[in-house]
Amino acid sequence: MQIISDPIELKNYLKEQNATIGFVPTMGALHDGHISLIKRAREENEVVVVSIFVNPTQFLAGEDLEKYPRKDEADKKICELSGVDILFFPTKESIYSEDEVALVAPNVRGYTLEGLSRPGHFNGVLTVVMKLLNIVSPTRAYFGKKDAQQLNLITLMVKQLFMSVEIVPVDTLRESDGLALSSRNIYLSAEQRKEALKISSSLRLASSMISNGQRDVKVVKSAMQEHLKGIEIAYIELLSREFEYREEIVLKDTIILVEVVIGSTRLLDNIWL
């Protein structure tokens, strides 16, 4: 496995490879969810590139940029054992300069749900993903479905800016008790983690109601709110896969999304129906 920190060095090296490239962008603190993305990339491409970069522009003032978990040496070992060919480890200075061209999230989809509670967050996400895709020029890039709004916006960016990369969604991985894997789970105390299990159980409740014929968004949403009583809910929404609001649930074109705050930790989860 090669470790490269300089964007131009990586770009020039990959230009010389006459091969399909699978790319997994991450912020490090790798877990089994990331490994599933890497494995999928390994299966479908000749060269696999993983980036580790804690992107400062997607954190708002007062958020957890400074304490975001960093496990550089462990991450390198995980990448090596997972069959990664190139680990891209850039610095902030190599990715950003003083006078940056602005990339702005769409006015509607970029400022609802997580974008409403974190205005400007997706500007930073789309900017860094655009930079990374331009550096790597992958055949395919892999993103987890857990961050469904991020996935939707990145897919939209690639489509609207006529970029020649395939965005591959990968299913969410969970702990044995149902909690969606996240680098932020380490912030949770034992008691908070127990509370966090209500997130996935609220999604299972919604899924069960829909399987039994319930199609009214308000009814399902209300049941989930009641199930999550006592937890700070940022949002519960049932949307189309294009993130359009509806009053009725449509099977095979619905995402149920939840964001809660437990202690000081934001936790996201969703199911695709």
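See the structure printed just above.
First, a word on scope: everything that follows refers to the structure included in this document. (Residues numbered from 1 in each chain as written. Predicted model: local features only at pLDDT ≥ 70, side-chain atom pairs only at ≥ 80, totals over all residues. Heavy atoms only, no water.)

1. A look at helix H8 (residues 190-211)
Between the first and last C-alpha of H8 there are 32 Å, a value that for 22 residues agrees with the 32 Å anticipated at 1.5 Å per step. Contact partners of the buried residues in H8: helix H9 (217-227), strand E8 (255-262) and strand E9 (265-272). One or two positions beyond H8, positive phi appears at glycine 213, with a value near 105 degrees. (Helix = DSSP H or I, 4+ residues; strand = E, 2+ residues; numbered from the N terminus. Expected span 1.5 Å × (residues − 1). Contact = heavy atoms within 4.5 Å.)

2. Looking at the pattern of salt bridges
A full pass over the atoms with the stated rule returns 20 salt bridges. Its salt-bridge partner being arginine 42, residue aspartate 85 comes within 2.9 Å of it at the nearest N-O pair. Residue aspartate 85 is found in the loop between helix H3 (72-81) and strand E4 (86-88), and its partner arginine 42 is found in helix H2 (residues 32-44); the two are separated by 43 residues along the sequence. Overall, the relative accessible area of 28% leaves aspartate 85 in the partly exposed class. The class of arginine 42 is partly exposed, set by a relative accessible area of 27%. (Salt bridge = Lys/Arg side-chain N within 4 Å of Asp/Glu carboxyl O. Buried < 20%, exposed > 50% of the residue type's maximum accessible area, 1.4 Å probe, protein only.)

3. Considering the sheet that holds strand E3 (residues 47-52)
Pairing within the open sheet is parallel, and its six strands lie in the order E1-E4-E3-E2-E5-E6. Two strands lie at the open edges of the sheet, namely strand E1 (2-4) and strand E6 (166-170), each paired on one side alone. Direction aside, neighbouring strands of the sheet carry axes that sit 25 degrees apart on average. Here E1 pairs with E4 via three bridges, running parallel. Residue pairing across strands places isoleucine 3 opposite leucine 87, the latter belonging to E4. Sitting on the sheet, H2 touches strand E2 (21-26), E3, strand E5 (140-144) and E6, and the angle it makes with E5 is about 155 degrees. (Pairing = 2+ DSSP bridges. Axes fitted to C-alpha atoms, helices over the stretch in contact; angles between N-to-C directions.)

4. Remarks on empty space enclosed by the protein
Within this structure, the stated rule accounts for three cavities of 30 Å³ or more. Its boundaries defined by the atoms lining it, the largest cavity holds a volume of some 790 Å³. What lines the largest cavity is a set of 39 residues, among which Met27, His34, Tyr68, Asp147 and Gln150 lie closest to the centre. Per element, the largest residue contribution to the lining of the largest cavity is six residues, and it comes from helix H6 (residues 121-136). Split into classes, the residues belonging to the lining of the largest cavity amount to 18 nonpolar, 14 polar and seven charged. (1 Å grid on protein atoms, 1.4 Å probe; cavity = no way out; pocket = protein on both sides within 12 Å on 5 of 7 lines; lining within 4 Å. Points joined across faces, edges and corners; volume = space filled by probe spheres on them. Nonpolar A, V, L, I, M, F, W, Y, C, P; charged D, E, K, R; others polar.)

5. What to know about the packing of aromatic side chains
Counting across every chain of the model gives two aromatic pairs. Relative to tyrosine 96, the ring of phenylalanine 53 has its centre 6.4 Å away and its plane inclined at 35 degrees; by these criteria the two rings are tilted. Residue phenylalanine 53 is located in the loop between E3 and H3, and its partner tyrosine 96 is located in the loop between helix H4 (92-95) and helix H5 (114-117); the two are separated by 43 residues in the primary sequence. In this structure, lysine 145 is placed above the aromatic ring of tryptophan 272, and the distance from its NZ or CZ to the ring centre is 4.7 Å. (Phe/Tyr/Trp six-rings, centres within 6.5 Å; stacked < 30°, edge-to-face > 60°. Lys NZ or Arg CZ within 6 Å of the ring centre and 35° of its normal.)

6. Observations regarding the sheet that holds E8
As summarised here, the arrangement of the three strands in space is E7-E8-E9, forming an open sheet in which the pairing is antiparallel. Edge positions in the sheet fall to strand E7 (232-239) and E9, since each of these pairs with one other strand and no more. With strand direction ignored, the average angle separating the axes of adjacent strands in the sheet is 10 degrees. Pairing of E8 with E9, which is carried by eight bridges, proceeds in the antiparallel orientation. Within E9, the residue paired with isoleucine 255 across the bridge is tryptophan 272.

7. Details of the nonpolar core
Core analysis: the biggest nonpolar cluster contains 33 residues, and Leu10, Leu14, Val49, Val129, Leu133, Val136 and Ile167 have the highest contact counts within it. Secondary structure elements with two or more residues in this core: helix H1 (7-15), E2, E3, E4, H6, E5 and helix H7 (148-160). The leading source of residues in this core is H6, at 10 residues. Counting 22 residues, the second-largest nonpolar core is a separate cluster that includes Leu179, Ala206, Leu238 and Ile256. (Core = buried A, V, L, I, M, F, W, Y, C linked by side-chain atoms within 4.5 Å.)

Honestly, it's all geometry; don't read function into it.
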